Amino acid sequence: MTGRLFSRGLRHLRARWRVLVRLGLWSVLETGQSFLIGYAPARALDDGFLQGRTAAGLGWLGVAGVGVVVGAYGTARVYAAVAALVEPLRDRLVRRVVERGVREADRGALSGLTQQVEIARDTFAGLVMVSRSFVFSAVGALAGLFSLAPLLLLVVLPPLAAGVGLFAATLRPLSRRQETFLAADEALADRLGAVCPGLRDIRASGAEERTAVDVGLLVEAERRAARSLARFGVVRVAALALGGQLPIVLLLAAAPWLLHRGVTTGALVGALSYVTQSLLPALHNLVHGLGTSGSRLAVVLRRLAPEGVADSVAGRRGGRRVSGMTPRRRRPRAGATQHDRQGRGRYAPDPQQAPGPVGDRSRPRSDPPCDRGADPLAAGAPEPLPQHPHSPGPPTHRPRATAPPALALSRVTFAYSPTAVPVIDDLDLTLPPGSHLAVVGPSGIGKSTLTALVAGLLEPRCGTIRVGGRAAVGPGSVARRVLIPQEAYVFTGSLSENLTHLRPDPVPQAELLAAAEAVGLLELLDALGGPEGHVDPAALSAGQRQLIALTRAYLSHARLALLDEATCHLDPAAEERAERAFAARPGAALVVVAHRITSASRADRVLMMDGRETAYGTHDELVRCSARYRELVGAWTPVPRERSEPSLALRDPDGVDAVAGPGLAGDGRHVVAHGPVGQVQAPRDLRDGRALGGEG
């Protein structure tokens, strides 16, 4: 790519040879200034002041002053010539950026037009100025050294050539490292731009550690690129010291030898003037200007190069496109975290499979493990076309024998630190397509951790997790499941934009309205003025935000929906409607972290998480077989009025008595309705001390 850019640059310059000639002619005046800056002081000393001819010395110094004025005039005219050379390049780049933006709908065209083109123009102008200044200043200074005494060239020219050669050798690797650093910096900035607005959702879904690891990898990549770039900065300083500062030391060290061989005092002073006032500043500007601006210009031009150039480069580099030239995909809005970007997958209806066994076991199973060797999805076969319950067209059916489980966990163990007690220990679980699982258990037992593991936000210590027959973390994994956390994410914009955020394809309005009706969003949709109504997240209640997030997930093509207390701000009727809508999606499985007994009773299967007392089965089976589940059901279930004898009728909005009656599990010791599972109350009233139901 560097060679292609160089050849294109030469063609650009050849096409404007008249401008180059004008630029060279005005630069000759600067060469004259460089020549006089050392020659005039040398003649002033040798022919004037050292000979007692003050007027002659002052005259030569006046000539040097005139040279400075003439050189300044030439430099001013040089800027006009540089503008005539640079502005056509800017116009050409602007035209290409606009054409690409219109032809390809490139979202980066605005950045290219407002920033990258201007960077290219400014850096190209700077490079022309510093390169021209070094060439003409060096020619004038070397000509002056030769005119004063040819021996001076033997002292000054070798280290100058060595310094310039060392710097030239670093240009290409410096450009590559500059590009790597800029790419790493942009990747980190893009990631932080997505993470920082979504910190609330990251916290709500327990993805802090995963996010920190992802961002840490990008920070480490930028640190490595910066260190590699800094090492070449050291080489650049060495080149400057070798070519610009070493000649001064050599002139001073060789002064006796030079004076002994006929070099005059004025010539020696003139040589020092050439090095300190002409060569060293010119080399300094060249090293810093060409070393930094040159590599930056190369990077920017690669990004603004036409697509054909990018394609040819991709072929030479094994198919990798240059950054900035790849087709841009639809990016999530700022603030959306990983769990709110999922759902761009596909699903097809499958007949429900028979439920599995039940029991109080630490490793519940719903079905025997799937035969992964016979799984066409695991083997890389194409997935069936998407089929949404409200999409037109016939559903796509697959043979029963080849349908992979919607979710399969095998010996999964997870702990939040290497020394911590596992939150989930050796868990096996298999869900067939179309199944509906409720996950229940006391607070802090690991229900949200389980959903985060399935969603790929956490990684298990050991074991495997497969969604739709494929690994939970990997290419395309986010398209196969969608997680809706308790804190629903809603962004400012239209309601339609919020609802279709997880769909890469346009959603027909009829399908959108049908989904809103199924989930229970129609009332809010009408209140906001229809699908194009404006959404202000701060003006919505927590329940309204949950309805929007639920409908968004419902419209996605995800095979597996994970509701982590995603309906906790809805009333029981709205919660039931939303859960039944998700459970009715053809071929899609539903996992609900339940906070009401009604959610568990609606599910096909219930996973009761309680450490070693974990149990799995239907609601009725667990009521019969699991004492822990019976305790939990007792804490959830409202006590009938005739069976309880509190001194006052205390009820909360959910209809749960604050004091349980004697009809609950554990007769003689009564479960506290709002306490954790296992907390019991002595058989006495909480207020006046009288026995309940005549007990005590």
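Above this text is the structure in question.
All values reported here derive from a predicted model rather than from experimental measurement. (Residues numbered from 1 in each chain as written. Predicted model: local features only at pLDDT ≥ 70, side-chain atom pairs only at ≥ 80, totals over all residues. Heavy atoms only, no water.)

**Overview of the overall build of the chain**
- Along the backbone of the chain there are 20 helices and 14 strands.
- By the burial criterion, 48% of the 696 residues in the chain qualify as buried.
- Excluding contacts between residues fewer than 6 apart, the proportion of contacts in the chain whose partners are at least 24 apart in sequence is 75%. (Helix = DSSP H or I, 4+ residues; strand = E, 2+ residues; numbered from the N terminus. Buried < 20%, exposed > 50% of the residue type's maximum accessible area, 1.4 Å probe, protein only. Contact = heavy atoms within 4.5 Å.)

**A short note on the packing of aromatic side chains**
- Counting across every chain of the model gives 6 aromatic pairs.
- Plain terms: the ring middles of Phe 414 and Tyr 416 are 4.7 Å apart, the flat faces sit at 85° to each other, and that makes the pair edge-to-face.
- With centroids separated by 5.9 Å and ring planes inclined at 40°, the aromatic side chains of Tyr 489 and Phe 491 adopt a geometry described as tilted.
- Looking at Tyr 489, the relative accessible area reads 7%, which means it is buried.
- When its relative accessible area of 6% is taken as the criterion, Phe 491 is described as buried.
- By the ring-pair criterion, three or more aromatic residues cluster together here, those being Phe 35, Tyr 39 and Trp 60.
- A cation over an aromatic ring shows up here: Arg 43 above the ring of Tyr 39, its NZ or CZ 5.2 Å from the ring centre. (Phe/Tyr/Trp six-rings, centres within 6.5 Å; stacked < 30°, edge-to-face > 60°. Lys NZ or Arg CZ within 6 Å of the ring centre and 35° of its normal.)

**A closer look at the side chain of Lys 447**
- Mapped onto the elements, Lys 447 comes out in helix 12 (residues 447–454).
- Buried and without a salt bridge, Lys 447 has Glu 565 as its closest oppositely charged side chain, separated by 5.2 Å.
- Among residues more than four places away in sequence, those in contact with Lys 447 are Val 439, Val 440, Gly 441, Pro 442, Val 593 and Met 609. (Lys, Arg positive; Asp, Glu negative; His and termini not counted. Salt bridge = Lys/Arg side-chain N within 4 Å of Asp/Glu carboxyl O.)

**Looking at the pairing of strand 2 (residues 424–431)**
- Buried residues dominate strand 2, accounting for 7 of its 8 residues.
- Relative to strand 2, strand 1 (residues 407–414) runs antiparallel, the two being bridged by 5 bridges. From the neighbouring strand, Leu 407 faces strand 2, where its bridge partner is Leu 431. (Pairing = 2+ DSSP bridges.)

**Section: a positive patch on the surface**
- A cluster of like positive charges, contributed by Arg 11, Arg 14, Arg 92 and Arg 95, occupies part of the molecular surface.
- Of all the secondary structure elements, the ones that give two or more residues to the positive patch are helix 1 (2–14) and helix 3 (54–104).
- Structurally, Arg 11 is set in helix 1.
- Classification of Arg 11 as partly exposed rests on a relative accessible area of 43%. (Patch = residues over 30% accessible without salt bridge, like charges linked within 9 Å, V, L, I, M, F, W, Y side chains within 5 Å. Areas by Shrake-Rupley, 256 points an atom, 1.4 Å probe, with all protein chains shown as cover. Charge placed at Lys NZ, Arg CZ, Asp CG, Glu CD.)

**Focus: unusual backbone geometry**
- Positive phi, close to 55°, is recorded for Asp 426, a residue that is not glycine.
- Tracing the backbone through its elements, the reader meets Asp 426 in strand 2.

**Observations regarding the environment of Tyr 274**
- Considering the arrangement of structural elements, one finds Tyr 274 in helix 10 (residues 265–304).
- For the pair Tyr 274 and Ser 137, spaced 137 residues apart in sequence, the C-alpha to C-alpha distance is 9.4 Å.
- Apart from the residues within four sequence positions on either side, Tyr 274 is in contact with Ser 34, Phe 35, Ile 37, Gly 38, Tyr 39, Gly 140, Ala 141, Gly 144, Leu 145, Leu 148 and Leu 279.
- Within polar-contact distance, the side chain of Tyr 274 engages the backbone oxygen of Phe 35 at 2.5 Å.
- A polar contact of 2.9 Å, which involves the side chain of Tyr 274, links it to the backbone nitrogen of Tyr 39. (Polar contact = N/O pair within 3.5 Å; in protein donor to acceptor, adjacent residues only side chain to side chain.)

**Some thoughts on the pattern of salt bridges**
- In total, this model carries 13 salt bridges according to the counting rule given.
- Of the charged contacts in the structure, one is a salt bridge between Arg 223 and Glu 220, with a shortest N-O distance of 2.5 Å. Residue Arg 223 and its partner Glu 220 are both found in helix 8 (residues 208–253); the two are separated by 3 residues, about one turn of the helix.
- Under the relative-accessibility criterion, Glu 220 is labelled partly exposed at 30%.
- Across the pair Arg 503 and Glu 511 runs a salt bridge, and its minimum N-O distance is 2.8 Å.
- The exposure class assigned to Glu 511 is buried, which follows from its relative accessible area of 3%.
- Sharing partners across several salt bridges, the network here consists of Glu 575, Glu 579, Arg 596 and Arg 602.

**A closer look at the nonpolar core**
- Core analysis: the largest hydrophobic core is formed by 36 residues, its most contacted members being Leu 409 and Leu 450.
- Secondary-structure elements contributing two or more residues to this core are helix 6 (171–195), strand 1, strand 2, strand 3 (436–440), helix 12, strand 4 (462–467), strand 9 (560–564) and strand 10 (589–593).
- Not counting chain neighbours up to four residues away, the residues in contact with Leu 409 comprise Leu 427, Asp 428, Leu 429, Leu 450, Val 454, Thr 464 and Ile 465.
- Ranked by size, the runner-up nonpolar core spans 34 residues in total, among them Val 519, Ala 553, Ala 558 and Phe 582. (Core = buried A, V, L, I, M, F, W, Y, C linked by side-chain atoms within 4.5 Å.)

**Structural notes on helix 17 (residues 572–583)**
- Spanning 12 residues, helix 17 covers 16 Å between terminal C-alpha atoms, matching the ideal 16 Å at 1.5 Å per step.
- Here helix 17 has its buried residues at Glu 575, Ala 578, Glu 579, Ala 581 and Phe 582. Burial along helix 17 is one-sided: seen end-on, the buried residues are contained in an arc of 155°.
- The secondary structure elements touched by the buried residues of helix 17 are helix 14 (509–519), helix 16 (542–555), strand 9, strand 10 and helix 18 (597–602).
- With a side-chain oxygen positioned 3.1 Å from the backbone nitrogen of Ala 573, the residue opening helix 17 is Asp 571. (Expected span 1.5 Å × (residues − 1). Arc of directions from axis to C-beta.)

**Side note on the sheet that holds strand 11 (residues 605–608)**
- One open sheet accounts for 6 strands, arranged 6-9-10-3-11-12; its pairing is mixed. Of all strands in the sheet, those with a lone pairing partner are strand 6 (481–484) and strand 12 (615–617), marking the two edges. Strand-to-strand, the axes of this sheet are offset by a mean angle of 15°, without reference to chain direction.
- The sheet contact formed by strand 6 and strand 9 spans 4 bridges and is parallel. Bridge pairing in strand 9 places Ile 484 opposite Leu 563. (Axes fitted to C-alpha atoms, helices over the stretch in contact; angles between N-to-C directions.)

**Here's the deal with the sheet that holds strand 1**
- One open sheet accounts for 4 strands, arranged 2-1-4-5; its pairing is antiparallel. The open sheet has two edge strands, strand 2 and strand 5 (470–471), and neither has a second partner.

**Focus on a nonpolar patch on the surface**
- A grouping of Trp 17, Val 21 and Leu 25 is seen on the molecular surface, where their side chains present a nonpolar patch of about 330 Å² in accessible area.
- With respect to the element layout, Trp 17 can be found in helix 2 (residues 17–46).

**As for the pairing of strand 3**
- Most of strand 3 is tucked away: 5 of the 5 residues are buried.
- Burial along strand 3 is two-sided: His 436, Ala 438 and Val 440 facing one way and Leu 437 and Val 439 facing the other are all buried.
- Bridging between strand 3 and strand 11 involves 4 bridges; their strand directions are parallel. Bridge pairing in strand 11 places Val 439 opposite Leu 607.

**What about helix 14?**
- If you check which residues of helix 14 are buried, you get Glu 511, Leu 512, Ala 515, Ala 516 and Val 519. For helix 14, the buried positions fall inside an angular range of 135° around the axis, keeping them on one side. Exposed residues lying more than 90 degrees from the buried face of helix 14 are Gln 509 and Ala 510.

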